[in-house]
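Summary of the model geometry
Below, each chain spelled out in residue letters.
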Amino acid sequence: MLEINSGVMDSSVKTLLSYATSSTKVKAEYEKYFSLPNFKLYGMAVDEKFFACIGIEFLEKDVCEIRHLSVSSEIRGQNIGSEMIDFICRFYPFHQIIAETDQQAVEFYRKYGFSISSLGEKYPGVERFRCVYQVKR
């Protein structure tokens, strides 16, 4: 895993972030990772092209929120998302990791071991879910 902290957004990172947020918000979301001290963005790359990324926000000293978790569509289903969460659990002393997601990704979080609760229709026609993981130490 590599920390992504360049002020210039790589095109592969831009594509990955667009999977996790609307294309109109990608630039603003990316800027948080290098301008705010409580945001970190990590990625996995081959030949300097990123194929996966995870962005976190430090909420409290032992709690973080996954803001973005994206894997290139060609290689999904190969446990790369789980490996990125494993990295965060090993690298930081968090006791709890939270995430908010949609119907499309909620089973990924459930399979990893997050407890899931519905937030209802946060946007018209779109049910959102709160996912909470208690890190085992």
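For the structure, see preceding data.
Residues numbered from 1 in each chain as written. Predicted model: local features only at pLDDT ≥ 70, side-chain atom pairs only at ≥ 80, totals over all residues. Heavy atoms only, no water.

1. Quick word on the overall build of the chain
Assigned secondary structure in the chain consists of four helices and seven strands. Beginning at the N terminus, the succession of helices and strands in the chain can be written as β-α-α-β-β-β-α-β-α-β-β. Along the longest, intermediate and shortest principal axes, the C-alpha atoms of the chain span 40 × 35 × 30 Å. When the 137 residues of the chain are sorted by exposure, 40% land in the buried category. Look at the contacts in the chain between residues 6 or more apart in sequence, and 54% of them connect residues 24 or more apart. A total of about 8000 Å² of accessible surface is found on the chain, and carbon and sulfur atoms cover 50% of it. Side-chain charges of the chain comprise 17 positive and 18 negative groups, with the mean position of each set lying 2 Å from the other. (Helix = DSSP H or I, 4+ residues; strand = E, 2+ residues; numbered from the N terminus. Buried < 20%, exposed > 50% of the residue type's maximum accessible area, 1.4 Å probe, protein only. Contact = heavy atoms within 4.5 Å. Areas by Shrake-Rupley, 256 points an atom, 1.4 Å probe, with all protein chains shown as cover. Lys, Arg positive; Asp, Glu negative; His and termini not counted. Charge placed at Lys NZ, Arg CZ, Asp CG, Glu CD.)

2. Here we look at helix α3 (residues 80–91)
Across its twelve residues, α3 extends 16 Å between first and last C-alpha, which sits within 8% of the 16 Å expected from 1.5 Å per residue. All buried positions along α3 are accounted for by I80, G81, S82, M84, I85, F87, I88 and C89. In this structure, the buried residues of α3 make contact with β2 (39–46), β3 (49–60), β4 (63–71), β5 (96–102), α4 (103–112) and β7 (126–134). (Expected span 1.5 Å × (residues − 1).)

3. Thoughts on the packing of α3 against α4
Here α3 crosses α4 at 50 degrees, and the two axes come no closer than 11 Å. For the element pair α3 / α4, the angle class is oblique. The element α3 and its partner α4 pack so that their crossing is right-handed. Touching G81, S82, I85, D86 and C89 of α3 are F108, Y109 and Y112, all from α4. Looking at the contact of α3 with α4 residue by residue, the class counts come to five nonpolar, two polar and one charged. (Axes fitted to C-alpha atoms, helices over the stretch in contact; angles between N-to-C directions. Parallel < 35°, antiparallel > 145°, perpendicular 65-115°, else oblique. Left-handed = near helix turned anticlockwise from the far one by under 90°. Nonpolar A, V, L, I, M, F, W, Y, C, P; charged D, E, K, R; others polar.)

4. Section: the nonpolar core
In globular proteins that are soluble, nonpolar side chains generally tend to be buried together. Of all hydrophobic cores here, the largest spans 25 residues; its most connected members are I54, I56, I66, I85, I88, I97 and F114. At the level of secondary structure, the elements contributing two or more residues to this core comprise β2, β3, β4, α3, β5, α4 and β7. When residues in this core are grouped by element, the largest group, six residues, is from α3. Excluding its chain neighbours within four sequence positions, the residues that come into contact with I97 are C64, I66, I85, I88, C89, F114, C131, V132, Y133 and V135. With eleven residues, the next largest nonpolar core counts V26, Y30, Y33 and F39 among its residues. (Core = buried A, V, L, I, M, F, W, Y, C linked by side-chain atoms within 4.5 Å.)

5. Here's the deal with the sheet that holds β4
Pairing is mixed in the open sheet, where seven strands are placed in the order β1-β2-β3-β4-β5-β7-β6. Both edges of this open sheet fall to β1 (2–3) and β6 (115–123), since each of them pairs with a single strand only. In terms of strand pairing, β3 meets β4 through eight bridges, oriented antiparallel. Residue pairing for β4: C53 is matched across the bridge by S70. Each of β2, β3 and β4 touches helix α1 (residues 11–20); the most contacted strand, β4, lies at about 110 degrees to it. Along the sheet, α3 contacts β2, β3, β4, β5 and β7; its crossing angle with β4, the most-contacted strand, is approximately 150 degrees. (Pairing = 2+ DSSP bridges.)

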